[in-house]
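# Chains, contacts and geometry: an overview
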Amino acid sequence: MLTLYRSNRAELLAQVLATQLRLDPPGPLEQIQVVVNTWPTSRWLGEQIALGVGGEEGTDAGGIAANLRFPFPGSHLRQLVEGLLAPPDTAMAPGPDPWRANQLVWPVLELLPELVEQPEAQLLKRWLAEHSIGNRLELAQWQLGRAIADAFDDYALYRPDLLAAWWQGKPVDGRGEPLAAAQLWQPLLLAALRDRLGEQPFGLKVQAAIRQLRQGAPPAGTLPSHVRLFGLSSLAPIQVQLLQAMSAHTQIDLYLLTTSPDLWQRCTSRRERLSSVVALQEPFAGDWFMEAPGLEARFGRLGGEFQQLLEGTGESLLGQAQDRDLFFAAATSHPGPGPVPLLAQLQQRLAQGDGAMEL
């Protein structure tokens, strides 16, 4: 089951999470993991869970929440994928991913001298001839190697289909057309890195994990009983597809902080107008800025695209999905006398669909 909790107030989402842990407490030795995107979020959320779990109902007394861990999305999802693809009865912890940019830069620098001798890499050869001084590693060479490593790292996360085609020896671009002559060195470098590193990039591993999840339930203990993600504003499409595929075999809870329900209504109408497949492939164009209120047009576009990915086309969603909204007018929930905080005023205006406000 994939459950999406949406609200314009982070404290309400934290209260829901804390209440769930209090009503269905984990075992005394069970570790609760909640995926967050920043370290300050983990500190704040840990305090909120302690207040919600340990405090007695009707009082302001706080409590204690122990054995909590707040991993980041990239590392946690990589760990889940490694667990799904690991051979049975394998207890060895995976090492660092050699396809990450900080690890990949060194093999790239080692393979560049051999690569530039290929006819397809004459552009790189001319560049290195202009910036190389002897056989020493210069700053310009390091910057080139790091830029290439960063690009391949991004390909693995955001363009896995492109890497899959190159992995199979098909030099095509993102549209499936023949790759431009000036870019043919990239599939050659990928093939050399494949032989050197001996394992697949993360994006290809995720695709393999999704195929495995489609075939049936994974072995017991491969997936956690519950996956919780709090306050994330964006994930790569391949990461969202992984969560959707895992929802057939485990409970996935996403606690999403957003501006107002109107944002999702516009996303739904856009998908109906363009069809789900086209809407997922095309980012929000200029009409988004014309239709949405000012603040949402500036800050809500990323959340809107993320919501479209979460809803998806149904191809990767193997389990069931449901939405639960906790939207409240900010000024209404502001306790006590005195001026309403500026952030609360912004939230109230956005909830009413009004992008203008006098300050």
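For clarity, every value in this text was computed on a predicted model and none was experimentally measured. (Residues numbered from 1 in each chain as written. Predicted model: local features only at pLDDT ≥ 70, side-chain atom pairs only at ≥ 80, totals over all residues. Heavy atoms only, no water.)

### A few points about the overall build of the protein
Within the protein, the regular secondary structure consists of 16 helices and six strands. Classification of the 359 residues of the protein by burial places 40% in the buried group. Once local pairs closer than 6 in sequence are excluded, the contacts in the protein between residues at least 24 apart make up 75%. Counting only carbon and sulfur atoms, one obtains 54% of the accessible surface of the protein, whose full area is about 19500 Å². (Helix = DSSP H or I, 4+ residues; strand = E, 2+ residues; numbered from the N terminus. Buried < 20%, exposed > 50% of the residue type's maximum accessible area, 1.4 Å probe, protein only. Contact = heavy atoms within 4.5 Å. Areas by Shrake-Rupley, 256 points an atom, 1.4 Å probe, with all protein chains shown as cover.)

### Overview of the environment of Ile-148
Looking at where Ile-148 falls in the secondary structure, it is placed in helix H6 (residues 139-158). Between the C-alpha atom of Ile-148 and that of Gln-186, which follows or precedes it by 38 residues, the distance is 9.0 Å. What Ile-148 contacts, discounting residues up to four positions off in sequence, is Val-108, Leu-112, Trp-185 and Leu-189.

### Looking at the packing of H6 against helix H7 (residues 160-167)
One can describe the packing of H6 onto H7 by two numbers: an axis separation of 6 Å at closest approach and a directional angle of 105°. With respect to each other, H6 and H7 are oriented roughly perpendicular. Packed against H6, whose contacting residues are Phe-152, Tyr-155, Ala-156, Leu-157 and Tyr-158, the element H7 presents Pro-160, Leu-162, Leu-163 and Trp-166 at the interface. (Axes fitted to C-alpha atoms, helices over the stretch in contact; angles between N-to-C directions. Parallel < 35°, antiparallel > 145°, perpendicular 65-115°, else oblique.)

### Observations concerning the pairing of strand E2 (residues 32-35)
In this structure, E2 lies alongside strand E3 (residues 68-69), joined through two bridges in parallel fashion. Pairing of Gln-33 across the sheet is with Arg-69, part of E3. Examined bridge by bridge, E2 and strand E4 (residues 226-230) share two bridges and lie parallel to one another. Residue pairing in the sheet places Val-35 in a bridge with Leu-229 of E4. (Pairing = 2+ DSSP bridges.)

### Some words on the packing of aromatic side chains
In this description, an aromatic ring pair is defined by two values, namely the gap between the centres and the angle between the planes. Applying the stated criterion to the full structure yields seven aromatic pairs. Aromatic pair Tyr-5 and Tyr-255: ring centres 5.0 Å apart, planes at 10°, arrangement stacked. Note that Tyr-5 is positioned in strand E1 (residues 2-7) and Tyr-255 in strand E5 (residues 251-257), a separation of 250 residues in sequence. Note on accessibility: Tyr-5 and Tyr-255 belong to one class, buried. Taken together, a centroid distance of 6.3 Å and an interplanar angle of 40° make the contact between Trp-44 and Phe-230 tilted. Of the two residues, Trp-44 sits in helix H2 (residues 39-54) while Phe-230 sits in strand E4, which places them 186 residues apart along the sequence. Grouping aromatic residues by their ring pairs yields a cluster made of Tyr-5, Trp-44, Phe-230 and Tyr-255. If you follow Arg-78 out to its NZ or CZ, it ends over the ring of Phe-202, 4.3 Å from the centre. Lying across the ring of Trp-167, Arg-194 places its NZ or CZ 5.7 Å from the centre. (Phe/Tyr/Trp six-rings, centres within 6.5 Å; stacked < 30°, edge-to-face > 60°. Lys NZ or Arg CZ within 6 Å of the ring centre and 35° of its normal.)

### Quick notes on the confidence of the model for the protein
Confidence in the prediction for the protein averages 78 pLDDT; 67% of positions are at 70 or higher. Across residues 330-336, confidence stays below pLDDT 50; counting only partners more than four residues off in sequence or on other chains, it has 11 contacts. Note on residues 354-359: pLDDT under 50 across the span, and 10 contacts to partners over four residues away in sequence or across chains. (pLDDT = per-residue confidence, 0-100.)

### Digging into the packing of helix H3 (residues 73-85) against helix H9 (residues 202-215)
At a minimum axis distance of 9 Å, the contact between H3 and H9 shows a crossing angle of 55°. One finds that H3 runs oblique with respect to H9. The handedness of the crossing between H3 and H9 comes out as left-handed. Residue-level inspection shows Leu-77, Arg-78, Val-81, Glu-82, Leu-84 and Leu-85 of H3 in contact with H9, the latter providing Phe-202, Lys-205, Val-206, Ala-208, Ala-209, Gln-212 and Leu-213. Here the residues of the contact of H3 with H9 sort into nine nonpolar, one polar and three charged. (Left-handed = near helix turned anticlockwise from the far one by under 90°. Nonpolar A, V, L, I, M, F, W, Y, C, P; charged D, E, K, R; others polar.)

### Here's the deal with H3
The first and last C-alpha atoms of H3 sit 18 Å apart over 13 residues, in line with the 18 Å expected at 1.5 Å per residue. All buried positions along H3 are accounted for by Pro-73, His-76, Leu-77, Arg-78, Leu-80, Val-81 and Leu-84. Considering only its buried residues, H3 is in contact with E2, H6, H9, E4 and helix H10 (237-246). (Expected span 1.5 Å × (residues − 1).)

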